[in-house]
Every structure is written in structure tokens, then in C-alpha cells.
Amino acid sequence: MALKLPANTKLSDIKGITPALQGRLAKLGISNLQGLLLHLPLRYLDETRIVPIRELRTGEQAQVQGEIVHAEVQYRPRKSLICRLKDETGQLVLRFLHFYPSQVASLKEGSCIRAFGEVRGGFFGWEMVHPQCRKVAEDTPVAEALTPLYPTTAGLSQASLQKWVAFALQQAAMDEILPAAIYQHLGLPAFADSLHQLHHPAANVDLASLESRDHPAWRRLAFDELLAQQLSMRQHHERRKHQGAPALAPSDKLITALLRRLPFALTQAQQRVALEIGHDLQQAHPMQRLLQGDVGSGKTIVAAMAALQAIENGWQAAIMAPTEILAEQHYQKMQDWLHPLGIQVAWLSGSQGKKERRAMLESVANGEAQLVIGTHALFQEHVVFQRLALAIVDEQHRFGVQQRLSLRQKGGQPHQLMMSATPIPRTLSMSYFADLDVSVIDELPPGRTPVVTRLVSDARREEVLERVQQACMEGRQAYWVCPLIEESEALQLQTVTETFENLQATFPELRVGLVHGRMKPAEKQAVMTAFSTGETQLLVATTVIEVGVDVPNASLMVIEHAERMGLSQLHQLRGRVGRGAAKSSCILLYQDGRLSETARARLKIIYESSDGFAIAQADLALRGPGEFMGVRQSGVPMLKIADLERDQDLLEAARSIAAELLAREPRAAEMHLARWLGHAEELVKV
Ligand code: ADP
Ligand code: MG
């Protein structure tokens, strides 16, 4: 057997691959032989048969062969090349609207042509528009395997991709790494066999299962990819244990003092997660824990307790919030809770003057500030801590694609606590989030009255206005949320301002406030403070109030054009009410008659369910995992072949096999990781 090239051989080391070609392949994420091997076809052409013209069916992709009996360039109605191809059974028109002189030359009368294309019934009988054609000798053999069609990029032809993938398939070493028992038990073929089957399927293959990707060959690669992801996540998790972080002894004094002052007792669930977090913080390696709990489940107090454990040990803690409004609220709350314990809470805000800001930064740098609160954006800038032990990231799902936090400490990393009200569906938590530890608050504080949700057509606006007035006259407060207008921020601003003016005119006796994303932080703050102290009764807002805002006296929320919002977003918004003892409701106003079927289905989910988990699951099904991936920090292996929904069984298998492999065959695990981590640049570099 000829010696094979290692799969990680760089394209630049392969004769015949020009720098220009390398550049184009790089655009597809291909940098070595392995990349070529794992560049899998999107579809296939069946060039293994020649179909007699009489047997063609409209809509079918087919290969025909025959003699050109007539060819002419027509100029009306538009310039086109029309050829008639004849075999023993009939004739077919080949039509080209764009063509080169070279094509005219080869498609001339008398040529024997093999054409592949989609058959249509045209004015002249059967025809193919822009078929792929080549001149052949009459007895040229047909292809033995289906022809793969690859995802490609500008300037890179299928022919070139096909050639180089075939080269890789022939030249690269594709040794089996996994013990046969593992894949055979799952009914999967060997690695090399799978690649051959996928790139060059035999003529008699079940094409449907290949293209729908539940063919065993495809599943084998999906499994391998999932296994690599599981191995890498486990490794990630393991490596973290070897990084240093301050070991924080349990806090007796401060936490006890805080709890004694609270007007409520912690729920069972809060106590449990607080213990889990407290335990992690005692370890000398960095915690990376996700604290999940539905809107209003009381994550903030748990965060405060974690911060106190750091502070009591003489370290600093930081809380990052996605918006200024939320940062301000956290600051208020932490001041209320922690100032009486003699703790210095600092906050960084976009509205601070330069001088004040500098003073804050200084107190953070010299360690005077024990707890520091600000928006995520502010922490991305240069903030130097004296002794940071714990970084808490609130409402993490709102951050969009995370950059790695630039909060590294000298000689170790801070512990990290991420908090999210958006539960992560099981398939995601088993895959992309598998390296995180998760705590769940699965219980709401007692005494909450469930929010009654109603779907109301815009035609019944009058009734809704009455409800608002009534609630405010009874001493409670209300939110009026204006629609999200993604296309135009200016239009959104106009809408919210007009709504504000209209409501003010409608309710001269009410004190109405207005808050939106374009206001300066200080303005926003003033408005929010006025609302939380009850000075204003009705707050007109854009979705800036989506997260975290906590005004227990607000018992009514009206959301306009609810059909435009994401499900999790609606759930978050709705969570702003129902925080006090008063009976609360949320009115989803929709434009009657203009609601699509899907919009209706989505509103129904929100209407019927108050369970954040069920809603997130539905949202995932509707929108795909992109949204949730926003929660992840970069550096997590993205899946290219496996699909978490379709391949859920393989995911389960990969999870248990990863553990087994690491324990029993560490060398195979290492090789498998090298194979799969080597090919995609974005895979974790640990
Ligand atoms: P979220 O998990 O959405 O961030 P918060 O931490 O803002 O929720 O808590 C929501 C409200 O519930 C706050 O007003 C908070 O003070 C209150 N709260 C938290 N825990 C309890 C509890 N155990 N009993 C009663 N109220 C609580
Ligand atoms: Mg919160």
C-alpha cells in the first residue's frame, strides 16, 4: 500500500494547489487535507445512467446523450443558442441564454454530446435550459458513482472542488481511530467507508436518505463531530480545574447579616443554588456556573450572597448588566442591601461625569470599592481591579455574541457566575453548554399571583385604555410597551413619542412617563426612578425595559404589536408585572386581520404558557439555536455536520462514549480530538 499523506497536511504543501486556490478554499474553512475530506456534498447528480429521451419526465434531472442535428443562434425574442439533440428514441432542445463562442463551436451539428440538466416541457417539446454539456465519444463510459455537488464560493468551480476532494480521498490517511465496537454498536460504518460513501455514493445508494442526512455514513460523521465536541467540553471542564482562582471560605458574618435584614425568607430553591455556588467559590479553581431561573425567581439576592463571600474574604466582586437601566437598578438594590453592612458599592455609568468616573475607577483599582456594578460595555473598557475574585454577569442571554471577558486577574482568573432567565433547552445544554455547571431556581417566591395574559385585537383599544386608567386610579401602575420597529430606529422613536403624547392627552389626570433607548443614561435613570417611587403611574416604553426592571407595584402591562416580538422577549417583558401581591395582567395587542398563521401560533404559546422553559423550547424550534448561542462565549466548537434536533440520539451516545473513551482509551480520545479540532479553526484552543 502506498504511503498516505497525514490528514493535517497543509494545502500549501500540496503540489498543484495554487495560492489563489488556497485562498478560495480558506473561505470555505478548508486549510488542509482533512478539511477537504470533511467538506461534504450538499446534493448529488446522477450521471451513472443515460436516459433515453423518450423516457424523460418533466422536472427530472437527467443525463442524455445524442447527436446534435441542428444548432443555431437566434436573436429574437432574445439572443440564445438553440440545439437539437437526437438519440434513438427522440429529440430534445438544449437552450442557452448565455454562452461562449467555444460552446457554439463544440455544440455544432454532428457532435456527440452528453448533457445533464433539468427537463421541462417547452414550446418545442422537451428542453433543457443551460444543461451541463460535454463532447464525448459515443462509447464513453458513464460515471460509476453519483457526482457530488459541494457548497462552494465565488471563483471556485465544482470541477475543481470535486477534483481536490477526490485527491484527498485518495491520498489522505483516514485511519480508524475509534474502537470498532463503539461505532458498530451504533450501527454506523467505519470512518473511511463513510467518507467514500458520502463523496462518491454508489449508483444504487438510497439517495433520499443521503440527501436528508439520515444515511448511516452521514450519521457516522455527525457522531464523530459530536464526540469531538463532547471530548473538548470535558477537557475544557477538566482544564479549568488546573487554573488558579482564589479559594473563598464560606461567609458567615456578612451573609447572615444580610439575610437577617431581608423582609423575606429565601425559597428552598434559592437556598439550594446559593449552597452550590458557595461550594464552588471555596475551590481554588475558577467557577463557571450558569444560574438559571425564570423571570422573578429571585436571582439577584443569590448573586448578592455570592458577592458577599468574595468580599468577606477580602476580595472584590463585580456585577455586569446588559443595560444602563438594569445596572442602575442593581446598584440601588445592592446599596440598599449592602451599604448597611458597611460595604462600599461603586458603579460605573455612561452618565457619569469624567471626574466622578475617574474617582470610581480609582476606587476599583485601589480596592476600596468592594462591589462594582456597571454595564457589560463599561467592563469591556479598561477597568483595573485590585483583587477581583468574582464576576457576575446578569441576564447573560441579552449580550449577543460574547467576547471573552477581559477580567483576567494576575495569577488566576475570577470565578464567574452567569445568570439567565432564558432556560437553555436540553439539547443545547448537553452540547454547547456542556462545560458549564448549571444551577436552577425552579420555584417562584411565594405570594406571587400569576399574570393573566390576554390577547386583544387593536379594534378594542378603548377597553384597554379603560383598564389602564382603572389600574392607575386604584393606586397601581402600568407599562405601555411600544412595538419594536426593526427596520427603522427613527420610526420607532416617533412611534413611542406619539404614543406617549396620545396617552398623556387621553389621561390628563395621570402622571405619564416616557423611556426609550435613545435617551441619555441620566435621563433614563430619572424616568425609571420616578416610576419606581410611584411618582409616575404609567410608563410608556420601548423594549428597553425588557430585562430585570423590578417595580412590584406595577400590575398591568400593555404590549403593542406583540406579534413582532420574539417569544422569550415577550416572556421577559411580561415578567415585569406580577411581582407584587396585586393581581396582574398582561395585554397583548395585535393587529387583527394582519396576523399570519405563524404569528398567531406564537402568540398562542405565550398566551397559554407562563413557563419560561416551555417558551424557550418553542422559541428554539421556531428560530434555531443562533439566539441561544449568543449566550456562549466564543471558542466553543460549532457543529457543521450534526444537527442537534435530528441527531439527538447520537448526541446522547456521544456524551456517554466521551466519558468512557477518556477513561479507557485516552490515546484514542486525543487522536479523535486532534482530527476534529485540527480541521476547523474556530474549535476551542484549550
Ligand atoms: P430575577 O430572577 O428575575 O432577577 P429578582 O432577583 O429581581 O428576580 O427578584 C424579583 C423580586 O422578588 C424582587 O423584588 C426580589 O426582592 C423579590 N424576591 C426575591 N426572593 C424572594 C423571596 N424568597 N421571597 C419574596 N420575594 C423575593
Ligand atoms: Mg434579574
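Look above for the structure.
These figures come from a predicted structure and were not determined experimentally. (Residues numbered from 1 in each chain as written. Chains lettered and ligands numbered in written order. Predicted model: local features only at pLDDT ≥ 70, side-chain atom pairs only at ≥ 80, totals over all residues. Heavy atoms only, no water.)

## A look at the site of ligand 1
At step 1: Around ligand 1, the surrounding shell holds 17 residues, and the nearest of these are Gly 296, Lys 299, Thr 300, Arg 448 and Asp 550.
At step 2: Contacts to ligand 1 include Lys 299, whose side-chain N or O atom sits 2.8 Å from an oxygen atom.
At step 3: Between an oxygen atom of ligand 1 and a side-chain N or O atom of Thr 300, the distance comes to 2.5 Å.
At step 4: When atom positions are compared with the pocket grids, ligand 1 is found to occupy the largest pocket. (Near = heavy atom within 4 Å. Polar contact = N/O pair within 3.5 Å; in protein donor to acceptor, adjacent residues only side chain to side chain. 1 Å grid on protein atoms, 1.4 Å probe; cavity = no way out; pocket = protein on both sides within 12 Å on 5 of 7 lines; lining within 4 Å. Sits in = over half its atoms within 2 Å of the grid points.)

## Examining helix α23 (residues 648-664)
At step 1: Helix length check: α23 (17 residues) gives 24 Å between terminal C-alpha atoms against 24 Å at 1.5 Å per residue, within 8%.
At step 2: Of the residues making up α23, those classed as buried are Leu 650, Leu 651, Ala 653, Ala 654, Ile 657, Ala 658 and Leu 661. (Helix = DSSP H or I, 4+ residues; strand = E, 2+ residues; numbered from the N terminus. Expected span 1.5 Å × (residues − 1). Buried < 20%, exposed > 50% of the residue type's maximum accessible area, 1.4 Å probe, protein only.)

## Focus on the sheet that holds strand β12 (residues 371-375)
Within a beta sheet, neighbouring strands are joined by backbone hydrogen bonds and run either parallel or antiparallel to one another.
At step 1: Read across the sheet, seven strands follow the order β11-β12-β10-β13-β14-β9-β15 without closing on themselves; strand pairing throughout is parallel. The open sheet has two edge strands, β11 (345-348) and β15 (437-441), and neither has a second partner. Going from strand to strand, the sheet's axes swing by 20° on average, the running direction of each strand aside.
At step 2: Relative to strand β14 (residues 415-420), strand β9 (residues 288-293) runs parallel, the two being bridged by five bridges. Bridged to Leu 290 within β14 is Met 418. (Pairing = 2+ DSSP bridges. Axes fitted to C-alpha atoms, helices over the stretch in contact; angles between N-to-C directions.)

## Some details on the packing of helix α9 (residues 253-261) against helix α11 (residues 299-312)
When two helices pack together, their arrangement is given by the angle between their axes and by how far apart the axes lie.
At step 1: Orientation of α9 relative to α11, taken along the N-to-C sense of each, is 150°, at an axis distance of 8 Å. Crossing angle aside, the handedness with which α9 passes α11 is right-handed. From α9, Lys 253, Leu 254, Ile 255, Leu 258 and Leu 259 reach across to α11, where they touch Ile 301, Ala 304, Met 305, Leu 308, Ile 311 and Glu 312.
At step 2: Each residue belonging to the contact of α9 with α11 can be placed in one class, and the counts come to nine nonpolar, no polar and two charged. (Left-handed = near helix turned anticlockwise from the far one by under 90°. Contact = heavy atoms within 4.5 Å. Nonpolar A, V, L, I, M, F, W, Y, C, P; charged D, E, K, R; others polar.)

## Observations concerning the pattern of salt bridges
At step 1: With the rule as written, the count across this model stands at 19 salt bridges.
At step 2: Where Arg 49 meets Asp 46, a salt bridge forms, and the shortest distance between an N and an O atom there is 4.0 Å.
At step 3: The exposure class assigned to Arg 49 is partly exposed, which follows from its relative accessible area of 48%.
At step 4: Judged by its relative accessible area of 27%, Asp 46 falls in the partly exposed class. (Salt bridge = Lys/Arg side-chain N within 4 Å of Asp/Glu carboxyl O.)

## What about the nonpolar core?
At step 1: The biggest cluster of nonpolar side chains holds 81 residues, and the ones touching the most others in it are Leu 36, Leu 195, Leu 221, Phe 223 and Leu 227.
At step 2: When residues in this core are grouped by element, the largest group, nine residues, is from helix α8 (residues 216-240).
At step 3: Residues lining this core come from more than one domain, with at least three contributed by each of domain 1 (11-44 + 149-210) and domain 3 (254-441).
At step 4: Discounting residues that sit within four places of it in the chain, Phe 223 has contacts with Leu 178, Ile 182, Leu 186, Leu 188, Leu 650, Ala 653, Ala 654 and Ile 657. (Core = buried A, V, L, I, M, F, W, Y, C linked by side-chain atoms within 4.5 Å. Domains from an automatic or database assignment.)

## Digging into the sheet that holds strand β17 (residues 477-481)
At step 1: Reading across the sheet, the six strands line up as β16-β21-β20-β17-β19-β18 and stay open at both edges, with parallel pairing between neighbours. A single partner strand is all that each edge strand has here, and the edge strands are β16 (452-457) and β18 (512-515). Direction aside, neighbouring strands of the sheet carry axes that sit 20° apart on average.
At step 2: Across five bridges, β17 lies against strand β20 (residues 554-559) in parallel orientation. Across the sheet, Trp 480 pairs through a bridge with Val 558, a residue of β20.
At step 3: Contacts between helix α16 (residues 461-473) and the sheet are confined to β16, β17, β19 (538-541), β20 and β21 (585-590), with β17 contributing the most and set at about 145° to the helix.
At step 4: In the packing of helix α19 (residues 567-574) onto the sheet, contacts are made with β16, β17, β20 and β21, and the angle to β20 comes to roughly 150°.

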